[in-house]
Amino acid sequence: MKGTVYLVGAGPGAADLLTLRAVRVLAEADIVFHDALIPAEVLALVAKGKLLPVGKRSGRHSTAQTFINKRLADAARRYRVVVRLKGGDPMLFGRAHEEISYLTRQRIEVRVVPGVTAALAASADLGISLSQRGVARSVVFATPREAEGARPSNWAAAVAAADTAVLYMAAGEARSVLDALLAAGLPPGKPVAIVENASVGYALAAGTLADLPALAARSAGGPAVVMIGDVYAALQASASRDLLPRLTSQSA
Ligand SMILES: C[S@@+](CC[C@H](N)C(=O)[O-])C[C@H]1O[C@@H](n2cnc3c(N)ncnc32)[C@H](O)[C@@H]1O
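In this text, all values refer to a predicted model and were calculated from it rather than measured experimentally.

(A) A look at the overall build of the chain. Regarding its fold elements, the chain presents nine helices and ten strands. In terms of overall dimensions, the chain is globule-like: its C-alpha atoms have a radius of gyration of 19 Å, near the 18 Å expected for 252 residues. A principal-axis box enclosing the C-alpha atoms of the chain has dimensions of 60 × 45 × 35 Å. Every one of the 252 residues in the chain was classed for burial, and the buried ones make up 46%. The contacts in the chain between residues at least 6 apart in sequence include a share of 71% that link residues at least 24 apart. Side-chain charges in the chain split into 28 positive and 20 negative, and the spacing between the mean points of these groups amounts to 7 Å.

Okay, here's the thing in structure tokens:
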């Protein structure tokens, strides 16, 4: 018997941001391999399936990607509905490519269920559009994080060229991100916002690019995106230079 592997986007944290399709697939799942940071409310949507954590959490225990690929393939030989549940959207900084190519080579059917990515959840929390008529017409999602053996990336140049940029996995290396962005030509006064725990009672720190290490140092350690662009100038002008817990997610 060969099942189907579903790469399912769990969204940024709030369970009611999952798609209806994700909820249906989780309810039907026979087995669910999930990331480390998936909240209990989302895992609770798994009706009967076995839950197996395979989280790759930065700086903590990780399950090697090749081992995850193999476990997914083995599960698809035993079960009808196999779910690989990933934070945000599986197709953005989620190693989906490795899993899809491996499973496809094994002739296992793969389907992807999109999720709300962190950049969009953070924008919703802030109430600030990534694009803005007359201000921002290009948006870049980037990460400074380099996988071992990866070829060098021009991420900083792409960020400098964009009107608005959202950096994933960047808050923990704010000093080197700042250096790279200044070297790429971004001015130190560029407006910056860090949004931590988007969609689940988020916290905001806002200031300029030059402030980035100081803003990042105030983080409580939750997942965070670094947002850069003139669209965030209003935050800078307001009294929000300190971490400012605001209203919880729009779902409330
Ligand atoms: C491995 S990437 C996965 C991204 C995910 N696939 C997505 O679409 O959001 C993990 C990074 O996503 C960002 N992230 C995930 N959840 C977040 C949240 N609720 N609030 C802010 N940033 C978040 C952080 O930058 C974190 O380091």
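(B) Local environment of the site of the ligand. If you check the shell around the ligand, you find 16 residues, and the closest are D89, L92, T117, A198 and A224. The separation between an oxygen atom of the ligand and a polar main-chain atom of M169 is 2.9 Å. Between P223 and the ligand, the recorded distance is 3.5 Å, taken from a backbone N or O atom to a nitrogen atom. Relative to its unbound accessible surface of 570 Å², the ligand loses 82% to contact with the protein. For the shell around the ligand, the class distribution of residues is eleven nonpolar, four polar and one charged. Shared between two domains, the shell around the ligand holds at least three residues of each, these being domain 1 (4-113) and domain 2 (118-240).

(C) Local environment of the sheet that holds strand β10 (residues 224-229). Taking strand neighbours across the sheet as the criterion, the five strands line up as β6-β7-β10-β8-β9 in an open arrangement whose pairing is mixed. Looking along the sheet, the strands with just one partner apiece sit at the ends: β6 (139-142) and β9 (203-208). Neighbour-to-neighbour, the strand axes of the sheet open up by a mean angle of 15 degrees, direction not taken into account. Here six bridges tie strand β8 (residues 191-196) to β9, and the two strands are oriented antiparallel to one another. If you follow E196 over to β9, its bridge partner there is A203.

(D) Structural context of the domain arrangement of the chain. The assigned domain composition of the chain is domain 1 (4-113) and domain 2 (118-240). Distance between the C-alpha centres of domain 1 and domain 2: 27 Å. Counting residues at the interface gives seven residues for domain 1 and ten residues for domain 2. Roughly 710 Å² is buried in total at the junction of domain 1 and domain 2, and carbon and sulfur atoms are behind 74% of that figure.

(E) View of the pattern of salt bridges. Considering all chains together, one arrives at eleven salt bridges under this definition. For the salt bridge of E99 with K86, the shortest nitrogen-to-oxygen distance reads 3.2 Å. A residue pair is termed long-range when its members are at least 10 positions apart, and E99 in helix α4 (residues 96-105) and K86 in strand β4 (residues 81-86) qualify at 13 residues. For the pair formed by E99 and K86, the shared burial category is buried. In this structure, R95 engages E98 in a salt bridge whose closest nitrogen and oxygen atoms are separated by 2.6 Å.

Thresholds applied
Residues numbered from 1 in each chain as written. Predicted model: local features only at pLDDT ≥ 70, side-chain atom pairs only at ≥ 80, totals over all residues. Heavy atoms only, no water. Helix = DSSP H or I, 4+ residues; strand = E, 2+ residues; numbered from the N terminus. Rg over C-alpha atoms; globule rule 2.2 N^0.38 Å. Buried < 20%, exposed > 50% of the residue type's maximum accessible area, 1.4 Å probe, protein only. Contact = heavy atoms within 4.5 Å. Lys, Arg positive; Asp, Glu negative; His and termini not counted. Charge placed at Lys NZ, Arg CZ, Asp CG, Glu CD. Near = heavy atom within 4 Å. Polar contact = N/O pair within 3.5 Å; in protein donor to acceptor, adjacent residues only side chain to side chain. Areas by Shrake-Rupley, 256 points an atom, 1.4 Å probe, with all protein chains shown as cover. Nonpolar A, V, L, I, M, F, W, Y, C, P; charged D, E, K, R; others polar. Domains from an automatic or database assignment. Pairing = 2+ DSSP bridges. Axes fitted to C-alpha atoms, helices over the stretch in contact; angles between N-to-C directions. Buried area = accessible area lost by both parts, 1.4 Å probe. Salt bridge = Lys/Arg side-chain N within 4 Å of Asp/Glu carboxyl O.

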